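Residue-level listing of the chains:
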Amino acid sequence: MSAMLLEVEQLSKSFGGIQAVQNVSFYVKKEDIVAVIGPNGAGKTTLFNMISGIVPPTSGFVRFQGAIVSGKQPHELAMLGMTRTFQNLQLFADMTVLENVMVGFHSRLKSGIVSAGFRLPRTVKEEKQAQEQAFFCLEQVGLAHLAWERAGTLPYGMQRLVEIARAAVSRPSLILLDEPMAGLNPQESKQLVDVLLMMREQGFSFLFVEHDMETVMAIADRIVVLDYGKKIAEGAPEEIARHPDVIKAYLGEE
Ligand code: ATP
C-alpha cells in the first residue's frame, strides 16, 4: 500500500451565512492523481484554498505527510513539500522562462530572505543549483530550448507548462493544480496530460480542480465530487461517471 500524503479531515468553511465547504474529508496517497470536480459554486476553490494555506478553515484540519498543517502559510507549505498553481497564470512576464522556474526552487530553501512569499537565494552555490534544477525541469516539460525567452512572449499553453515546471522544481511531494486545462486548446491539453502522467511516473503526486471532464476521466485515479459544499461522491472515474448523485448534480445545473 502506498504512503499517505494528504489527509483532509472534516474541513469546513463559511463566509458569513454561506457554507462554502461542509465537512469534506478525503485523502491523497503517494503517486496518486486525485481530481476535485463539481458544478459552479460547489466549493472547489474554497477547498483548494484551505488545503494550500490561502484561507483558514472554519473547522476541520489538513494533515500533510503525517503533520497537521492547517493554518500554515503557502510558503511554509512549499518548504514542507506542497506547492500549487493558480487558475490564472502567475508568471513574471518580463523575467526569462528559466528565472520564473528558479523562483519555485527558492521557495523550498531553508536559507534566504522571505520576499513576497518566496525565498531569495543567498549563495552562489544555491543560485547554481537552482539554475541546474530549473533547466532540468524545463527539459522535462519540453521547454528547455525556450529557457532564455521572456515568459510573457510564450503562447498560453507553454506558459502553463512553465508554471508546472516551477511548481515541480523544488521536488515537492504534492502539487496542487487549479484548473490546469483552462484556456488550453486540445493540442495543448493533450501535451499537458502527457507531462502530468510522465511526472507521476517520476514520483510526483497531484491534486487538481478541473472542469474539463475528458482530462479528469483520462488521468485521475480517484475523483472527489462536491455539490453545494458537500462531498457527494468519491471513487474511480468509471464509478463517478455512473454515480446517480453526480449525474443529478450536473444535469440539475442546466
Ligand atoms: P467555480 O467552479 O465557479 O469556480 P467553486 O466550486 O470553486 O466554483 P467556490 O468559489 O469555492 O466554488 O465558492 C463556493 C461558495 O462560496 C459560493 O457560493 C461562493 O459564492 C461562496 N464564496 C466563495 N468565496 C467567498 C468569499 N470570499 N466570500 C463570500 N462567499 C464566498
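Keep in mind it's a predicted model, so treat the numbers as computed, not measured.

## Quick word on the packing of helix H5 (residues 156–168) against helix H6 (residues 186–201)
The description of two helices packed together rests on the angle between their axes and the distance between the axes.
So, point 1. It is the contact of H5 with H6, at a shortest axis distance of 10 Å, that shows an interaxial angle of 15°. If you check the angle between H5 and H6, you find them roughly parallel. Seen from above, H5 lies across H6 with right-handed handedness. Listed contacts from H6 to Gly 157, Arg 160, Leu 161, Ile 164 and Ala 168 of H5 are Glu 188, Gln 191, Leu 192, Val 195, Leu 196 and Met 199.
So, point 2. Here the contact of H5 with H6 is composed, by residue class, of seven nonpolar, two polar and two charged.

## Considerations on the site of the ligand
So, point 1. Around the ligand, the structure places Phe 15, Ile 18, Ala 20, Pro 39, Asn 40, Gly 41, Ala 42, Gly 43, Lys 44, Thr 45, Thr 46 and His 211.
So, point 2. Gly 43 places a polar main-chain atom, nitrogen or oxygen, 2.9 Å from an oxygen atom of the ligand.
So, point 3. In this structure, Thr 46 approaches the ligand through a side-chain N or O atom, which is 2.6 Å from an oxygen atom.
So, point 4. A total of 630 Å² of accessible area belongs to the ligand in isolation, and the protein chains cover 60% of it.
So, point 5. Elements with a contribution of two residues or more to the shell around the ligand: strand S2 (18–29) and helix H1 (44–51).
So, point 6. Per element, the largest residue contribution to the shell around the ligand is three residues, and it comes from H1.
So, point 7. Split by residue class, the shell around the ligand holds five nonpolar, six polar and one charged.

## Observations regarding the side chain of Asp 32
So, point 1. Positionally, Asp 32 belongs in the loop between S2 and strand S3 (33–37).
So, point 2. Beyond its immediate chain neighbours, meaning those up to four positions away, Asp 32 contacts Ser 205, Phe 206, Asp 221 and Arg 222.

## Details of the packing of aromatic side chains
So, point 1. For the structure shown, the criterion picks out one aromatic pair.
So, point 2. Where Phe 135 meets Trp 148, the ring centres are 5.7 Å apart and the plane angle is 40°; that geometry is what we call tilted. Placement of Phe 135 in helix H4 (residues 124–140) and of Trp 148 in the loop between H4 and H5 is noted, with a sequence separation of 13 residues between them.
So, point 3. For Trp 148, a relative accessible area of 61% translates into the label exposed.
So, point 4. In this structure, Arg 84 is placed above the aromatic ring of Phe 86, and the distance from its NZ or CZ to the ring centre is 4.0 Å.
So, point 5. Above the face of the Tyr 27 ring, Arg 222 is positioned so that its terminal group lies 4.0 Å from the ring centre.

## A short note on the pattern of salt bridges
So, point 1. For the coordinates displayed, the defined rule picks out 11 salt bridges.
So, point 2. The closest approach of N and O atoms between Glu 234 and Lys 231, which form a salt bridge, is 2.5 Å.
So, point 3. Residue class for Glu 234 comes out partly exposed when judged on its relative accessible area of 27%.
So, point 4. Using a relative accessible area of 32% as the deciding quantity, one classes Lys 231 as partly exposed.

## Let's talk about the sheet that holds strand S5 (residues 67–68)
So, point 1. Read across the open sheet, the four strands follow the order S2-S1-S4-S5; overall the sheet is antiparallel. Looking along the sheet, the strands with just one partner apiece sit at the ends: S2 and S5.
So, point 2. In this structure, strand S1 (residues 4–15) lies alongside S2, joined through eight bridges in antiparallel fashion. Counted as the bridge partner of Val 8 is Phe 26 from S2.
So, point 3. Sheet strands touched by H1: S1, S2 and strand S4 (59–64). Its angle to S1, the strand with the most contacts, is close to 120°.

Basis of the calculations
- Residues numbered from 1 in each chain as written.
- Predicted model: local features only at pLDDT ≥ 70, side-chain atom pairs only at ≥ 80, totals over all residues.
- Heavy atoms only, no water.
- Axes fitted to C-alpha atoms, helices over the stretch in contact; angles between N-to-C directions.
- Helix = DSSP H or I, 4+ residues; strand = E, 2+ residues; numbered from the N terminus.
- Parallel < 35°, antiparallel > 145°, perpendicular 65-115°, else oblique.
- Left-handed = near helix turned anticlockwise from the far one by under 90°.
- Contact = heavy atoms within 4.5 Å.
- Nonpolar A, V, L, I, M, F, W, Y, C, P; charged D, E, K, R; others polar.
- Near = heavy atom within 4 Å.
- Polar contact = N/O pair within 3.5 Å; in protein donor to acceptor, adjacent residues only side chain to side chain.
- Areas by Shrake-Rupley, 256 points an atom, 1.4 Å probe, with all protein chains shown as cover.
- Phe/Tyr/Trp six-rings, centres within 6.5 Å; stacked < 30°, edge-to-face > 60°.
- Buried < 20%, exposed > 50% of the residue type's maximum accessible area, 1.4 Å probe, protein only.
- Lys NZ or Arg CZ within 6 Å of the ring centre and 35° of its normal.
- Salt bridge = Lys/Arg side-chain N within 4 Å of Asp/Glu carboxyl O.
- Pairing = 2+ DSSP bridges.

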